[in-house]
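# Observations on the three-dimensional arrangement
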Amino acid sequence: MSSLVVLSLTGPMDHLRLVWQTGETLLQSVVFDDDPEGNRYNVLVALQEMVTNVLRHGYRLDESRPIEVRFDLREDSFQVTLRDRGPAFDPTRHGDPAESEETAMPTACGGFGIAIVRQVMDRVEYARIDGWNTLRLTKYARVVAPTL
């Protein structure tokens with residue numbers, strides 16, 4: 001079984017809500033052997049963090065810029081590929097708490113998104129392809145056909 005859903009988002013809309021609701025619906029077909037609800041929620045939070053980073057940091061809250069979210073359900077994994085045209089930024093090279101000399105919690109709001117993604121997802125890959133940041137997040141699990 002394989003399913004593909006692609007969201008192409010631009011314009012003044014609630015990107016985060018659309019991505020969350022689409023991911024939530026698709027994750028109903030994913031079987032996690034350990035803590036299914038917790039794993040589904042964590043994957044959604046990781047996804048939301050990355051979309052937020054694109055909007056906040058890459059696009060400086062300009063919702064007219066394109067974001068593509070590709071959900072790919074395979075027999076053994078749930079993959080999400082995010083694409084944006086912001087400045088090149090490789091999140092796989094940032095966000096490791098071990099890199100920080102300071103062990104105290106950040107005082108500024110935020111700063112944990114990339115670390116959350118690294119903890120939650122099984123695989124995180126980045127590439128810059130034809131002017132697009134391309135981030136693929138993979139969570140291994142069994143994917144079953146939804147019952148109607």
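The structure presented is a predicted model; accordingly, all values stated were derived computationally and were not measured.

Counting across every chain of the model gives eight salt bridges. A salt bridge links Arg40 to Glu37, with the nearest nitrogen and oxygen atoms 3.0 Å apart. Residue Arg40 and its partner Glu37 are both found in helix α2 (residues 36-58); the two are separated by three residues, about one turn of the helix. According to the relative accessible area criterion, Glu37 is exposed, its value standing at 57%. For the salt bridge of Arg83 with Glu68, the shortest nitrogen-to-oxygen distance reads 3.2 Å. Taken as a pair, Arg83 in strand β4 (residues 77-84) and Glu68 in strand β3 (residues 67-74) lie far apart in primary sequence, 15 residues in all. Using a relative accessible area of 22% as the deciding quantity, one classes Arg83 as partly exposed.

Our focus in this paragraph is the pairing of β4. Across the eight residues that make up β4, a large majority, seven, are buried. Sheet topology places β3 next to β4; eight bridges connect them, and they run antiparallel. Note on β4: the bridge partner recorded for Ile67 is Asp84. The loop that links β3 with its antiparallel partner β4 comprises two residues. Examined bridge by bridge, β4 and strand β6 (residues 132-140) share eight bridges and lie antiparallel to one another. Counterpart to Val80 in the pairing with β6 is Leu137.

Attention now moves to the packing of aromatic side chains. Summed over the entire model, instances satisfying the criterion amount to two aromatic pairs. Pairing Phe71 with Phe78 gives two aromatic rings, centres 6.2 Å apart and planes at 45 degrees, and the pair type is tilted. The two residues Phe71 and Phe78 agree in class, both being buried. Looking at Arg83, its charged tip hangs above the ring of Trp132, at a distance of 4.1 Å from the centre.

The rules behind each value
Residues numbered from 1 in each chain as written. Predicted model: local features only at pLDDT ≥ 70, side-chain atom pairs only at ≥ 80, totals over all residues. Heavy atoms only, no water. Salt bridge = Lys/Arg side-chain N within 4 Å of Asp/Glu carboxyl O. Helix = DSSP H or I, 4+ residues; strand = E, 2+ residues; numbered from the N terminus. Buried < 20%, exposed > 50% of the residue type's maximum accessible area, 1.4 Å probe, protein only. Pairing = 2+ DSSP bridges. Phe/Tyr/Trp six-rings, centres within 6.5 Å; stacked < 30°, edge-to-face > 60°. Lys NZ or Arg CZ within 6 Å of the ring centre and 35° of its normal.

Just geometry here; none of it tells us what the structure is for.
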